[in-house]
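Listed below are the residues making up each chain.
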Amino acid sequence: MTELKRSYPYPRQLLLNGVYDLTEGTGGKIQKLAEEGEILGEREVYGNKSTFLFALSGTEDSCTLQIGVYSPAPGLSSAGELRALNFLFDSLDQLIENELHALERRAGQERDL
């Protein structure tokens, strides 16, 4: 299984919400596994629908996310699998950045009241 791993200085719940947004938010299916912190999610990337294994580990303050290509789209090359994984991580990074900016704006608005 092709997989990549990244560490984040964010709470586990923020990453978990991002994983749900990456899959369910785009019409994909999601399934929690018996193993704590593991989720199977289906997602179309660059026109290829694959199933990915998302594994979260860490503490409340920092987390590591590992994403693996659990069931690749038919004919997807190894290079295509890596592009899909990088796309998912880049998309997750953007979702987290957007969420953090929204939280900062809300906090600033509350201070102004």
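Conventions used here
Residues numbered from 1 in each chain as written. Predicted model: local features only at pLDDT ≥ 70, side-chain atom pairs only at ≥ 80, totals over all residues. Heavy atoms only, no water. Salt bridge = Lys/Arg side-chain N within 4 Å of Asp/Glu carboxyl O. pLDDT = per-residue confidence, 0-100. Helix = DSSP H or I, 4+ residues; strand = E, 2+ residues; numbered from the N terminus. Expected span 1.5 Å × (residues − 1). Buried < 20%, exposed > 50% of the residue type's maximum accessible area, 1.4 Å probe, protein only. Contact = heavy atoms within 4.5 Å. Pairing = 2+ DSSP bridges. Axes fitted to C-alpha atoms, helices over the stretch in contact; angles between N-to-C directions. Core = buried A, V, L, I, M, F, W, Y, C linked by side-chain atoms within 4.5 Å.

(A) Inspection of the pattern of salt bridges at higher detail. A full pass over the atoms with the stated rule returns 4 salt bridges. The partner of R106 in a salt bridge is E99, with the nearest N and O atoms 3.8 Å apart. Linked through salt bridges whose partners overlap, the residues forming this network are R6, D90 and D93.

(B) Spatial organisation of the confidence of the model for the chain. Residue-level pLDDT values for the chain average 89, and 95% of them are 70 or greater. Across the chain, strand 1 (residues 3-8) holds the top mean pLDDT of 96, while strand 2 (residues 30-32) sits lowest at 81.

(C) Representation of helix 1 (residues 12-23). Between its first and last C-alpha atoms helix 1 spans 17 Å; for 12 residues at 1.5 Å apiece the expected length is 16 Å, and the two agree. Among the 12 residues that make up helix 1, 9 are buried, leaving the element largely enclosed by the rest of the structure. By the burial criterion, the buried members of helix 1 are R12, L14, L15, L16, G18, V19, Y20, L22 and T23.

(D) Region of interest: the environment of E38. By secondary structure assignment, the location of E38 is in strand 3 (residues 38-45). The partly exposed category is assigned to E38, whose relative accessible area is 24%. Residues E38 and N86 lie 48 residues apart in sequence; the distance between their C-alpha atoms is 19 Å. Residues in contact with E38, not counting those within four places in the same chain, are Q31, K32, L33, L53, F54 and A55.

(E) Up close: unusual backbone geometry. Even without being glycine, Y46 reaches a positive phi, approximately 55°. Checked against the element boundaries, Y46 lands in the loop between strand 3 and strand 4 (48-58).

(F) Representation of the sheet that holds strand 5 (residues 63-71) in the model. Strand order in the open sheet formed by 5 strands is 1-5-4-3-2, with antiparallel pairing between adjacent strands. Strand pairing shows two members of the sheet lacking a second neighbour, strand 1 and strand 2, which therefore form its edges. Geometrically, the sheet is characterised by an average inter-axis angle of 25° between neighbouring strands, direction not taken into account. For strand 3 and strand 4, the ladder comprises 8 bridges, and the chain directions are antiparallel.

(G) Broad picture of the environment of F89. Position of F89 among the secondary structure elements: in helix 2 (residues 78-112). Discounting residues that sit within four places of it in the chain, F89 has contacts with L4, K5, R6, Y8, L65 and I67.

(H) Focus on the nonpolar core. Residues Y8, L15, F52, F54, L65, I67 and L92 are the most contacted members of the largest nonpolar core, which totals 22 residues. Mapped by element, the contributors of at least two residues to this core are helix 1, strand 3, strand 4, strand 5 and helix 2. Setting aside chain neighbours within four positions, we find I67 in contact with T2, E3, L4, F52, L53, F54, L85, L88 and F89.

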